[in-house]
Amino acid sequence: RADREGFNTHLPYVTAKTKVLRNIDVQTEVSYSKNDHAQGIAYLAQAQGSFNRLSAGVSYMNASPDFSGYFNNTNSVSGNIQYRISEKIDINGNYRQDARNFKRDTLFGVAPYQKFAQVGFQYRYSPKTVLNIFSGYQNFDDRMQNKQFSYDELFVRAGISQEIGIFRIGAESQYGRTNNFLTNSQGNSTIFSLNTGFEKFNTSFNFFGSYSKTARYTGGSQGQFYY
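Calculation criteria
Residues numbered from 1 in each chain as written. Predicted model: local features only at pLDDT ≥ 70, side-chain atom pairs only at ≥ 80, totals over all residues. Heavy atoms only, no water. Helix = DSSP H or I, 4+ residues; strand = E, 2+ residues; numbered from the N terminus. Buried < 20%, exposed > 50% of the residue type's maximum accessible area, 1.4 Å probe, protein only. Contact = heavy atoms within 4.5 Å. Areas by Shrake-Rupley, 256 points an atom, 1.4 Å probe, with all protein chains shown as cover. Lys, Arg positive; Asp, Glu negative; His and termini not counted. Charge placed at Lys NZ, Arg CZ, Asp CG, Glu CD. Pairing = 2+ DSSP bridges. Patch = residues over 30% accessible without salt bridge, like charges linked within 9 Å, V, L, I, M, F, W, Y side chains within 5 Å. Salt bridge = Lys/Arg side-chain N within 4 Å of Asp/Glu carboxyl O. Phe/Tyr/Trp six-rings, centres within 6.5 Å; stacked < 30°, edge-to-face > 60°.

### Re the overall build of the protein chain
Looking only at helices and strands, the protein chain has 0 helices and 13 strands in total. Across its three principal directions, the C-alpha atoms of the protein chain cover 55 × 50 × 40 Å. When the 227 residues of the protein chain are sorted by exposure, 31% land in the buried category. Put simply, 39% of the contacts in the protein chain that link residues at least 6 apart link residues at least 24 apart. For the protein chain, the exposed area adds up to about 14,500 Å²; of that, 56% sits on carbon and sulfur atoms. Computing the positive centroid from 24 side-chain charges and the negative centroid from 17, the protein chain places the two 6 Å apart.

What follows is the structure, given as structure tokens:
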């Protein structure tokens, strides 16, 4: 195929999938790319296991800088764990660290370097209502030459999702204490969001709105509204 730089590229790959101890699914992929300009290699390993009330998964991906697939110059690891205390309560944890496609970084976070970890619980108040509370840490670093953001943040987030008739309604709020490394300052970051959706005439309709006031960027405290 022709890659985004215009070179005709060969991308042979090998995938494998197996089951370990009847409870763990393991999947791997190795790919090699070659064109007139460069050669590269990438590989992916994933494992997902389920044991009674406990389920967990881990994934690791690496792609060399000259790999001509969708990802390149990438090193990514993620993991998740869930434990069901009862029919109504789950404890969840997530971790993610990656550095994706440095060449495509933008202010809007297409590919910043990031670390993210959170732990919390979900409570099914009723068959149609779910409450969740999470607390965690995140770090984002712009990889562009002129950085627009470089910060870490401790946060707590709470949300609710509810089904009312044909409507699905969700609301979420997040509060964080932000260290802005570009301005050597601290500040508070708050985010509020609301979404709703329904299906009619074999079509899904979704509406979303979010307001945030953050101390994450070079301009100091900023307010943003998305809809």
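### What to know about the pairing of strand β12 (residues 203-217)
Taken together, the 11 bridges between strand β11 (residues 185-200) and β12 define a ladder with antiparallel strand orientation. Across the sheet, E199 pairs through a bridge with S204, a residue of β12. The antiparallel pairing of β11 with β12 creates a hairpin that spans 2 residues between the two strands, and F201 there sits at a positive phi of about 55 degrees.

### Some words on a nonpolar patch on the surface
Together, Y83, I85, I91, V119, F121, I133, V156 and Y175 line one region of the surface with nonpolar side chains, adding up to about 680 Å² of accessible area. The topology assignment puts F121 in strand β7 (residues 113-126).

### Structural notes on the packing of aromatic side chains
As enumerated under the stated definition, the model contains 8 aromatic pairs in all. Relative to F155, the ring of F116 has its centre 5.9 Å away and its plane inclined at 20 degrees; by these criteria the two rings are stacked. Of this pair, F116 sits in strand β7 while F155 sits in strand β9 (residues 150-164), and the two are 39 residues apart along the sequence. Note on F116: relative accessible area 12%, which makes it buried. The class of F155 is buried, set by a relative accessible area of 4%. With 6.0 Å between their ring centres and 90 degrees between their planes, F149 and Y217 make a pair best called edge-to-face.

### Here's the deal with the pattern of salt bridges
Counting across every chain of the model gives 6 salt bridges. The salt bridge partner of D25 is K19, with a shortest N-O separation of 2.7 Å. By relative accessible area, which is 49% here, K19 ends up partly exposed. For the salt bridge of R124 with D90, the shortest nitrogen-to-oxygen distance reads 3.0 Å. A residue pair is termed long-range when its members are at least 10 positions apart, and R124 in strand β7 and D90 in strand β6 (residues 89-99) qualify at 34 residues. Look at D90 and you get buried, because its relative accessible area is 1%. Put simply, R84, D90 and R124 are held in one network by salt bridges that share partners.

### With respect to the side chain of N92
By secondary structure assignment, the location of N92 is in strand β6. With a relative accessible area of 11%, N92 lands in the buried category. Here N92 is in contact with I81, Q82, Q118, V119, G120, Q122 and F134, once residues within four sequence places are set aside.

### Looking at the environment of M144
Within the secondary structure layout, M144 lies in the loop between β8 (129-141) and β9. What makes M144 partly exposed here is its relative accessible area of 38%.

### Section: the side chain of S55
Residue position: S55 is located in strand β4 (residues 54-63). For S55, a relative accessible area of 18% gives the class buried. Apart from the residues within four sequence positions on either side, S55 is in contact with G49, S50, N80, I81 and Q82.

### Focus on the pairing of β11
Two elements, strand β10 (residues 167-180) and β11, share 13 bridges in a ladder whose sense is antiparallel. Bridged to N180 within β11 is S185. Hairpin connection, β10 to β11: the antiparallel pair is bridged by 4 residues, and N184 has positive phi, about 50 degrees.

### Here's the deal with unusual backbone geometry
Its identity is not glycine, yet L21 carries a phi of approximately 55 degrees, on the positive side. Among the secondary structure elements, L21 is positioned in the loop between β1 (13-20) and β2 (24-34). Within the chain, N184 stands out as a residue other than glycine whose phi angle is a positive 50 degrees. Inspection of the secondary structure assignment puts N184 in the loop between β10 and β11. Judged by relative accessible area, N184 falls into the exposed class, the value being 72%.

So, to be careful, I would describe these as geometric facts and stop short of saying anything about function.
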